[in-house]
Amino acid sequence: MSYLKWNLTFHFRYHEEKVLTVDGDYARVYDGIYDSIVNGKEQVIQPWQTIQQMEMLETGVKDLK
């Protein structure tokens, strides 16, 4: 695990904290995409998971526009 440094400014008040994060492995994701396309293996990340992630990101930035 690693820490992500998080900086936020709310109403001219500065806030900073470290947030514990899970280490990712993007190489595994890309290897899974390759194996799915070339070798016909099951997808590492399912289509519903991609859609769910997109919905979460859209919800998170909705009020920032």
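The rules behind these values
Residues numbered from 1 in each chain as written. Predicted model: local features only at pLDDT ≥ 70, side-chain atom pairs only at ≥ 80, totals over all residues. Heavy atoms only, no water. Helix = DSSP H or I, 4+ residues; strand = E, 2+ residues; numbered from the N terminus. Buried < 20%, exposed > 50% of the residue type's maximum accessible area, 1.4 Å probe, protein only. Contact = heavy atoms within 4.5 Å. Areas by Shrake-Rupley, 256 points an atom, 1.4 Å probe, with all protein chains shown as cover. Patch = residues over 30% accessible without salt bridge, like charges linked within 9 Å, V, L, I, M, F, W, Y side chains within 5 Å. Salt bridge = Lys/Arg side-chain N within 4 Å of Asp/Glu carboxyl O.

Describe the overall build of the protein chain, with residues and values.
Helix and strand counts for the protein chain stand at two helices and two strands. When the helices and strands of the protein chain are read in sequence order from the N terminus, they spell out β-β-α-α. A burial count over the protein chain gives 3% of its 65 residues as buried. Taking the intrachain contacts of the protein chain between residues at least 6 apart in sequence as the baseline, contacts between residues at least 24 apart amount to 0%. A total accessible area of about 6500 Å² is found for the protein chain, and carbon and sulfur atoms account for 58% of it.

How would you sum up a nonpolar patch on the surface? Please name residues and give values.
On the surface, Tyr26, Tyr30, Ile33, Tyr34, Ile37 and Val38 cluster together into a nonpolar patch covering about 740 Å² of accessible area. Within the secondary structure, Tyr26 sits in helix H1 (residues 26-39).

Report on the environment of Val44, specifying residues and quantitative values.
Looking at the element boundaries, Val44 is found in the loop between H1 and helix H2 (47-61). For the pair Val44 and Gly32, spaced 12 residues apart in sequence, the C-alpha separation works out to 5.4 Å.

Purely spatial values, then, with no claim about function.
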